[in-house]
Structure formats: structure tokens, C-alpha cells
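Observations on the model geometry
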Amino acid sequence: MSEISDRKKDHIQFTIDEGTQYKQRSGFENYTFIHNALPEVNIAEVSTEAVLLGKRFSFPVFISSMTGGYSEAGQVNAIIAEFCEHKNLPFGVGSQRAMLEDEMLTDTFSIVRKKAPSAFICSNIGGAQLIGNLMEDKIKRLIDSIEANAVIVHLNPLQELMQPEGDRNFKGILSGIENLANSVSIPIIAKETGAGISKHVAKKLLNAGVSVIDVAGAGGTSWAKVENQRDSNLDPHFDFDEWGNSTTDCLINLTNLQWERKFEVISSGGIRSAFDIAKSFCLGADFAACAQPIIKAISINGLDGIDELVSKWEHDLKMILTLLGCTTLKELNSSHIKLNS
Ligand SMILES: Cc1cc2nc3c(=O)[nH]c(=O)nc-3n(C[C@H](O)[C@H](O)[C@H](O)COP(=O)(O)O)c2cc1C
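Quick look at the structure, then. Everything numeric in this text was worked out from a predicted model, so none of it was measured. (Residues numbered from 1 in each chain as written. Predicted model: local features only at pLDDT ≥ 70, side-chain atom pairs only at ≥ 80, totals over all residues. Heavy atoms only, no water.)

**Things to note about the nonpolar core**
We apply this condition: What makes a nonpolar core is a set of buried Ala, Val, Leu, Ile, Met, Phe, Trp, Tyr and Cys residues whose side-chain atoms join them at distances within 4.5 Å. To sort residues, take the accessible area from a 1.4 Å probe on protein chains only and compare it with the maximum for the residue type: under 20% means buried, over 50% means exposed, and anything in between is partly exposed. Under the scheme used here, helices are H or I runs from DSSP no shorter than 4 residues and strands are E runs no shorter than 2 residues, and both carry numbers assigned from the N terminus. By definition, residues are in contact when any of their heavy atoms lie within 4.5 Å.
By size, the foremost hydrophobic cluster in this structure holds 96 residues, and its most contacted members are Phe62, Ile63, Phe91, Ile177, Ile213, Ile277 and Leu332. The greatest single-element share of this core, amounting to nine residues, is contributed by helix H12 (residues 292-323). Residue contacts for Ile277: discarding those within four places in its chain leaves Phe59, Pro60, Val61, Ile271, Ala288, Trp313 and Leu317. Counting six residues, the second-largest nonpolar core is a separate cluster that includes Tyr22, Leu158, Ala218 and Ala224.

Take a look at the structure:
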């Protein structure tokens, strides 16, 4: 197995362990909903539908990019794809770098389109892989392999620096994204992997042609912790375990920017319940996304595991909307929450 395949396999094993989650919280815990004793809502009429990139989904959760690139990853991707096809949810495959380096690994990604012919599926490539002259044929190959509806570019300098074998050069990523935007006809989503995206960075990404920003803030999976655990025999850097901008900080800063610029914001990094999803919408997010709880649910109970998790969130989200006097997610705003004193 290649170095990348080994790493991707380790990532699933280590992220399932709650010890690799941030101690620093996502920030959702600092807010409380304002209860409405007179909601005037029939829960049977409450809708959890939400729109992203012009497409309507049944539930506002994007299954974040996670895996691909080794045989078991193909099975995980198949489960996610089957579930998303059935439920009408969007999802992203994990980094497709491995298939660019070894064509034999393509099937572990392309399985998703076979299992989900009509789902909204995103390609995934690291920002560092876009440095220099854009290899248009390779980008086309990774998009075509899953007939992608959008391309996700992940920005993960903390994670790379924590990996002994990770990338060290982050110069030229922004112009790489600009070149990508000029060469593909599908939208680009930029995301972090758990350390968050600031307003300053968001502006640069939007100027480069990005349509959606997935904040992937701190509060959920800590890649510093993952990499420290993965390489326990090497020199660990525990001081970076809590590094990153919290998800709610990112959301507040980016949704403020929506007054100036037209783009969509995905709330992710520590989304662990329907409460976090609803609070994200109150803070202005257009959609939410989640990784660790999904891979954990699949590892425990496969397709049924992911179905049980999302069904519970769906039930809870309908209750929350009812208790706030709303029938749709679009009605949620800052008046429905208060900052704890
Ligand atoms: C097992 C695992 C593998 C991941 N691999 C990728 C990846 O290949 N590309 C990517 O953009 N993000 C990757 N991520 C990061 C997630 O997409 C997400 O941004 C991050 O885990 C924060 O969300 P969470 O707190 O819900 O886990 C991975 C996450 C997990 C748990």
C-alpha cells in the first residue's frame, strides 16, 4: 500500500477516537435558543429542506470529504453514496490525490457515482496540489471519475505541517485556485479541515473565483491531535492541539461578509447535533456539514448507523424549529438565540 493509502487508513482509525477531538469547543455551546411558548406551528408542516448552489436538499447537512484511495475506503464511499442518493444529501469524496498518483485507486472514488447516479457529489483536491502550472488533464480526470457537480479545494496547512511527510510549501495556492476557477465549468468550494477560515482569507478566496466557503472551524476533529497520535514515536507537537479559529467565530465573520459579497457559507467543524445545525442557521449559515460523527456511525453500524444518526438529527431539528415558532430553516436568525452570560 502507498504512503497516502496508509495515511488515509490511519485517519479513519484515529478520528473515530474521541481523544482526537478539540477540547476548545466549536462555540455553539455559548448560545441558547429562546423558547417560544406560543409557536403557532404544526410540526407535521415543518420542513428541513435547504438550498446549496441552487439545488434543494432534504436536510441541511453535507457529508464532508473523508476518504478514498485504498480498498476499504471504497466500501465507506459506497455506503455514503447509497445513503446520500436515497436521502438527497450532498457529499464530497476524500482527497483524490492518491488516484492521481496511482490510477488503480480510481475505483475507490468512482464507486460513488455508480451508487449515487443522481446525487450532488464533489471532487476533492488539496490547495498544495494546485501550486504551479495547473495540470488540466489531471483535474479533468478526477472530476470525470465521479462526474462531479462541484470541486472542493481543501486548505490544511496545520495538518500538513503536523505530518512528518506533509507538504511544507504553501506559496502559490491562491493563484492555483484562480487557475482552477478559470479552467473548470463547475463551482468551487473552499474548505479548511478543522482550523477554520477567517474573513481575510475568505475575501481572497472569493476574489479567486470560489463560490462557497465551508468554514471547517475548530471545535470538532483536531488534525494536530490526529497527527500527534498517529506518529507517537516521532517528535509530537502537543502545543498545536488546540490551534484554530472556532467554528462560530468563523461563521460570524463570514456571514457578515455576505452583506458585501454574494456567496454561500457552510458551517462545519464540530457539528455534533441538530442543535449545532440550527444554531448555525441562526448565525447566518446556508448549510451545515459534518465528518467525524458520520464515519463513527458507519464504523459501528454501516448504512444503518448513518441512517439512525441522520434520522435522529432530523427529528430533533423539526422539534427545535417548532419550539422556535418556525416552519422552515430560512426563518431562523439571530433573534432565535442569545449569547450565554
Ligand atoms: C477520517 C477523515 C478523513 C478526512 N479526510 C479529508 C480529506 O481527504 N479531504 C478534506 O477536505 N477533508 C478531510 N477531512 C476533514 C473533514 O472533511 C472535516 O473538514 C473535518 O473533519 C472537520 O469536521 P468534523 O469536526 O465534523 O470532523 C477528513 C475528516 C475525517 C474525519
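**Notes on the environment of Arg141**
Within the secondary structure, Arg141 is located in helix H5 (residues 136-146). Taking the C-alpha atoms as reference points, Arg141 and Leu329, separated by 188 residues in sequence, lie 37 Å from one another. The contact partners of Arg141, leaving out residues within four places of it in the chain, are Met99, Leu100 and Glu103.

**A look at the site of the ligand**
We count it as follows: Each residue is tested against the molecule or strand, and it is near if at least one of its non-hydrogen atoms lies within 4 Å. Any N or O atom pair separated by 3.5 Å or less is treated as a polar contact, with the protein-specific requirement of one donor-capable and one acceptor-capable atom, and with residues adjacent in sequence counted only for side-chain atom pairs. Note on definitions: the grid is 1 Å and covers protein atoms alone; a cavity is a set of points where a 1.4 Å probe fits but cannot get out; a pocket is an open set with protein on both sides within 12 Å along at least five of seven lines; lining residues have an atom within 4 Å of a point. Think of it this way: if more than half of a molecule's atoms are within 2 Å of a pocket's grid points, that molecule is in the pocket or cavity.
Taken together, the neighbourhood of the ligand is formed by 24 residues, with Lys8, Ser65, Ser95, Thr221 and Arg272 sitting nearest. Between the ligand and Thr221 there is a distance of 2.6 Å, counted from an oxygen atom to a side-chain nitrogen or oxygen. Measuring from an oxygen atom of the ligand, one finds a backbone N or O atom of Gly270 at 3.0 Å. Among the detected pockets, the ligand sits in the largest cavity.

**So, helix H9 (residues 223-230)**
In terms of burial, H9 is largely enclosed, as seven of its eight residues are buried. Looking at H9, one finds that the buried residues are Trp223, Ala224, Lys225, Val226, Glu227, Asn228 and Arg230.

**Topic: the side chain of Arg230**
Following the sequence through the fold, Arg230 ends up in helix H9. Arg230 sits in the buried class, given a relative accessible area of 14%. A distance of 2.8 Å separates a polar atom in the side chain of Arg230 from a polar atom in the side chain of Glu227. Those residues in contact with Arg230, other than ones at most four positions away along the chain, are Arg7, Asp10, His11, Phe14, Gln163 and Glu165.

**Focus on a nonpolar patch on the surface**
For clarity, the cut-off: A residue counts toward a patch only above 30% relative accessible area and without a salt bridge, and it is joined to like-charged neighbours within 9 Å or, for Val, Leu, Ile, Met, Phe, Trp and Tyr, to nonpolar neighbours within 5 Å. All accessible areas in this document rest on Shrake-Rupley with a 1.4 Å probe, and a residue is counted as covered only by the protein chains that are shown. Just to be clear on terms, a salt bridge is a Lys or Arg side-chain nitrogen sitting within 4 Å of an Asp or Glu carboxyl oxygen.
Together, Ile43, Met319 and Leu323 make up a nonpolar patch on the protein surface, roughly 240 Å² of accessible area in all. Along the polypeptide, Ile43 turns up in the loop between strand S1 (31-33) and strand S2 (50-52). Taking relative accessible area as the criterion, Ile43 reaches 39% and is therefore assigned partly exposed.

**Description of empty space enclosed by the protein**
Heads up, the rule is: Grid points are joined across faces, edges and corners, and a volume is the space filled by probe spheres set on the points. Note on residue classes: Ala, Val, Leu, Ile, Met, Phe, Trp, Tyr, Cys and Pro are nonpolar, Asp, Glu, Lys and Arg are charged, and everything else, Gly too, is polar.
Under the defined criterion, the tally for this structure stands at two cavities of 30 Å³ or more. Its volume calculated, the largest cavity comes out at about 610 Å³. In this structure, the largest cavity is lined by 37 residues; those nearest its centre are Ser65, Met66, Lys191, Thr193 and Trp223. At the level of elements, helix H1 (3-16), helix H6 (157-162), strand S11 (287-290) and H12 are the ones that each hand at least two residues to the lining of the largest cavity. Among the elements that line the lining of the largest cavity, the one with the most residues is H1, at six residues. In terms of residue class, the lining of the largest cavity is built from nine nonpolar, 22 polar and six charged. In this structure, the second largest cavity spans a volume of roughly 30 Å³. The wall of the second largest cavity is formed by Phe62, Ser64, Ser65, Ile152, Ile189, Lys191, Asp214 and Ile266. Tallied by class, the residues present in the lining of the second largest cavity amount to four nonpolar, two polar and two charged.

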